[in-house]
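As a plain string of letters, each chain reads:
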Amino acid sequence: MIVLVNPRATRPKNRRLPLSVLALGAVLEGREEYAIVDGNVDEQPEKTVLSLIDKNPVELLGLTVMPGPQMAAAMEISRKIRALRPHVPIVWGGYFPSIYADATLNASYVDYAVRGQGENTLIELLEVVRGVRSPDSILGLSFKDRTFGMHRHNAERPMQGPDAFPWSPFHRLRVEQYLRPSFFGERTAAHHASIGCPFRCSFCGVHAAYGNRELMESPDRTVAILSHLKQTYGADSVQFYDMNFFMREDHARELAEQMLPLGMKWWCEARIDTMSRYSDATLDLLRRAGCKMIFFGAESGSDWALKEMEKGITTEQTLTVAERMQQHGIIPEFSFVIGNPRDPERDTRETLAFIRKIKTLNPASEIIMYHYTPVPQRGAMYGQIDGKINFPATLEEWATKRWMDFTLRIDPNTPWLKRKTKKLIENFETVVASRWPTVQDIAAPKWSRNLLRTLSAWRYWFRIYAFPHELRLAQRFIQLRRPKQESL
Ligand code: B12
């Protein structure tokens, strides 16, 4: 038997369909005995894993691991199982081991790290644990070479499109537990309708894990899966967790036309340059097909900073998109990563002014603000890392508060970002989030929104952001939801 674990990554009320373990289950279904343990549902996943090991001949324990709290939860489970049942090989896959393979293998309780797309790597790894194949022939695998006392990182595995793999085995889960109320509907599902992203933004983990190609699921299959989720489990809305949902306009139109009869509301992630070029007719079709909100990485209000990050968009395009989304009745959610190392003060100043401009053009725009943090694979290119940031070499160090804050982009502790600038970004964020409380907080009553709006109006008007204690207190009292902190 193979046990697949999704370590705890969210509070129960924010849990989503665990797409990573579902994707792996899809290729095991019908050919291997396997079980899924979801730490977002199961309060004692270690206990469940132990009992599975004691009742079955478990050949491999696989954990999916994202940077952040999920990594800490994965450490706990792996450490305990290694101590109590040392005969079970342990493999980590997902974004953390894909980006930080060496730190992963430095742990005595992890034997293999799978980088990038994992379905075929997992199948081939089973031959290794069964002793019929050597690990060095498996693409996308990193492992410990005990003879030479070193880590081996095999070549990348070329990516395959979603259509190359079977559907997720939804019947293995109590899907109803994952369909939570959201701004988009009463029972919101999650789906991935493509894989990869052709762009190379310097702060994003996607190209580090997946390279820079994108392959789309066929619209027929996307719609068939969504219809199944609707008919079998009552899903009425969906969040598309693609790395980059829209590519070709003809594909987007075909998908939207097929989604129209489903009557589902949806959220997705898209690029500003792509959407700035879509025709009015396409944007209108997307709204009619149920698209309610699109997440955009706007990243900065400075064109020089966008160039530095190799983002491939301009501030002009962001403003165009803000306006066009308003014309077409779709809410844009703009995310920023502020404090570019080249000139963090200037980037901050210009970006805050830019956010005000967006809000003037389209007040419905949702704003999410992070501090800029590079991923090691790309940051080194800019000299941002060498001698300035030493990424942890162990999981234990990654789990410390300093690095957890870095991962969550709460406090990156980057040498180039002055405390004063960091404070300014945070204070501004508090004022903006009070002036325009997110529409995604479906629990916040109308009076609380009005209270926050009134309290913050003078600060926004006079641009006085310092010491917004009264707003922080009010936000805590109201427990305003922050979309960027869903995992906490
Ligand atoms: C959904 C999602 C979330 C959800 C829930 C995730 C969950 N597991 O429950 C929530 C909102 C909680 C979340 C939170 C965060 N997220 Co997130 N999230 C995503 C998102 C949009 C999709 C992930 C997904 O489900 N993919 C679908 C599956 C099928 O793909 P996959 O996970 O890559 O799995 C494949 C392979 O990796 C591999 N594989 C995976 N696991 C395993 C296990 C084994 C054993 C094997 C063999 C193979 C294997 O095989 C799978 C199939 O091919 C990605 C961006 C993206 N589109 O990929 C960001 C992303 C993973 N998140 C990211 C980040 C940074 C975070 C946060 C730290 C952000 C924050 N500031 O709060 C938090 C921390 C989470 C935590 N608690 O630890 C980054 C990670 C990279 C980085 N820069 O560090 C990403 C890449 C976004 C980005 N572009 O930067 N996230």
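Quick caveat, the model's predicted, so the values are computed rather than measured.

### Points about the overall build of the chain
Counting its secondary structure elements, the chain contains 20 helices and 16 strands. Relative to the globule expectation of 23 Å for 488 residues, the C-alpha radius of gyration of the chain, 23 Å, shows essentially globular dimensions. Across its three principal directions, the C-alpha atoms of the chain cover 70 × 55 × 40 Å. By residue count, 59% of the 488 residues in the chain fall in the buried class. Excluding contacts between residues fewer than 6 apart, the proportion of contacts in the chain whose partners are at least 24 apart in sequence is 73%. Split by element, the accessible area of the chain, about 20,500 Å² in all, is 54% carbon and sulfur. Averaging the coordinates of the 65 positive side-chain charges in the chain and doing the same for the 56 negative ones gives two points 6 Å apart.

### As for unusual backbone geometry
The residue Glu310 is not glycine, and still its phi comes out positive at about 55°. By the secondary structure assignment, Glu310 is in the loop between α12 (303-308) and α13 (315-327). Glu310 sits in the partly exposed class, given a relative accessible area of 34%. Backbone geometry at Arg463 places phi at a positive 60°, although glycine is not the residue there. Along the chain, the position of Arg463 falls in the loop between α19 (446-462) and α20 (469-478).

### Focus: the pairing of strand β6 (residues 141-145)
Taking burial as the measure, the five residues of β6 include five buried ones, the bulk of the element. By the bridge criterion, three bridges tie strand β5 (residues 112-114) to β6 in an arrangement that is antiparallel. Residue pairing for β6: Ala113 is matched across the bridge by Ser142. In sequence, β6 turns back onto strand β7 (residues 150-153) through a hairpin of four residues, with Gly149 there showing a positive phi of about 60°.

### Here we look at the site of the ligand
Residues in contact with the ligand amount to 41 residues; listed here are only the nearest, Ala9, Thr64, Glu119, Tyr210 and Tyr241. Contact distances for the ligand include 2.8 Å between an oxygen atom and a backbone N or O atom of Gln70. With respect to the ligand, the side chain of Tyr210 contributes an N or O atom lying 2.4 Å from an oxygen atom. Secondary-structure elements contributing two or more residues to the shell around the ligand are α1 (19-28), β3 (60-64), α3 (69-84), β4 (90-93), α4 (95-99) and α7 (206-210). When residues in the shell around the ligand are grouped by element, the largest group, four residues, is from α1. Broken down by class, the residue content of the shell around the ligand amounts to 19 nonpolar, 17 polar and five charged. Composition of the shell around the ligand by domain shows at least three residues from each of domain 1 (2-153) and domain 2 (177-485).

### Digging into the state of the cysteines
The final tally for this structure, using the stated rule, is zero disulfides. No disulfide involves Cys197; its sulfur sits 6.4 Å from the nearest other cysteine sulfur, which is in Cys201.

### With respect to a nonpolar patch on the surface
A cluster of nonpolar side chains, Trp458, Trp461, Phe462 and Ile464, forms an exposed patch at the surface whose accessible area comes to about 510 Å². Relative accessible area serves as the criterion here: at 65%, Trp461 is assigned to the exposed category.

### Observations concerning helix α9 (residues 249-259)
Along α9, the residues that are buried comprise His251, Ala252, Leu255, Ala256 and Met259. Projected down its long axis, α9 carries its buried residues within an arc of 130°, all on one side. Those residues of α9 hidden inside the fold are in contact with β11 (214-216), α8 (219-233), β12 (237-240), β13 (265-270) and α11 (280-288).

### Quick look at the packing of aromatic side chains
Within this structure, the stated rule accounts for 25 aromatic pairs. On the basis of an interplanar angle of 35° and a centroid distance of 6.2 Å, the ring pair of Tyr100 and Phe391 is categorised as tilted. With a gap of 291 residues between them, Tyr100 in the loop between α4 and α5 (101-105) and Phe391 in the loop between α15 (376-379) and α16 (395-398) connect regions that are remote in the sequence. The class for Phe391 is buried, based on a relative accessible area of 18%. Between Phe183 and Phe184 the ring centres are 5.4 Å apart and the planes differ by 75°, which places this aromatic pair in the edge-to-face class. On the accessibility criterion, Phe184 (5% relative accessible area) is buried. Among the aromatic residues, ring-to-ring pairing joins Trp92, Phe96, Tyr100, Phe391, Trp398, Trp403 and Phe406 into one connected group. Cation over ring: Arg271 sits above Phe199, and NZ or CZ is 3.5 Å from the ring centre.

### Some points on the packing of α13 against helix α14 (residues 344-361)
Following both chains from N to C, one finds α13 and α14 inclined at 25°, their axes separated by 9 Å at the closest point. What the angle tells us is that α13 and α14 run roughly parallel. Along this stretch, α13 crosses α14, giving a crossing that reads as right-handed. The segment α13 lies against α14, with Thr315, Thr318, Leu319, Ala322, Glu323 and Gln326 engaging Phe354, Lys357, Ile358 and Leu361.

### Comments concerning the UniProt feature "domain: B12-binding" (unreviewed entry) in the chain
According to UniProt, the "domain: B12-binding" (unreviewed entry) feature falls on residues 4-136. Between the first and last C-alpha atoms of residues 4-136 the distance is 23 Å; the span itself is 44% helix and 15% strand.

Cut-off values and rules
Residues numbered from 1 in each chain as written. Predicted model: local features only at pLDDT ≥ 70, side-chain atom pairs only at ≥ 80, totals over all residues. Heavy atoms only, no water. Helix = DSSP H or I, 4+ residues; strand = E, 2+ residues; numbered from the N terminus. Rg over C-alpha atoms; globule rule 2.2 N^0.38 Å. Buried < 20%, exposed > 50% of the residue type's maximum accessible area, 1.4 Å probe, protein only. Contact = heavy atoms within 4.5 Å. Areas by Shrake-Rupley, 256 points an atom, 1.4 Å probe, with all protein chains shown as cover. Lys, Arg positive; Asp, Glu negative; His and termini not counted. Charge placed at Lys NZ, Arg CZ, Asp CG, Glu CD. Pairing = 2+ DSSP bridges. Near = heavy atom within 4 Å. Polar contact = N/O pair within 3.5 Å; in protein donor to acceptor, adjacent residues only side chain to side chain. Nonpolar A, V, L, I, M, F, W, Y, C, P; charged D, E, K, R; others polar. Domains from an automatic or database assignment. Disulfide = S-S within 2.5 Å. Patch = residues over 30% accessible without salt bridge, like charges linked within 9 Å, V, L, I, M, F, W, Y side chains within 5 Å. Salt bridge = Lys/Arg side-chain N within 4 Å of Asp/Glu carboxyl O. Arc of directions from axis to C-beta. Phe/Tyr/Trp six-rings, centres within 6.5 Å; stacked < 30°, edge-to-face > 60°. Lys NZ or Arg CZ within 6 Å of the ring centre and 35° of its normal. Axes fitted to C-alpha atoms, helices over the stretch in contact; angles between N-to-C directions. Parallel < 35°, antiparallel > 145°, perpendicular 65-115°, else oblique. Left-handed = near helix turned anticlockwise from the far one by under 90°. UniProt positions renumbered as here; feature names shortened; annotations may be inferred.

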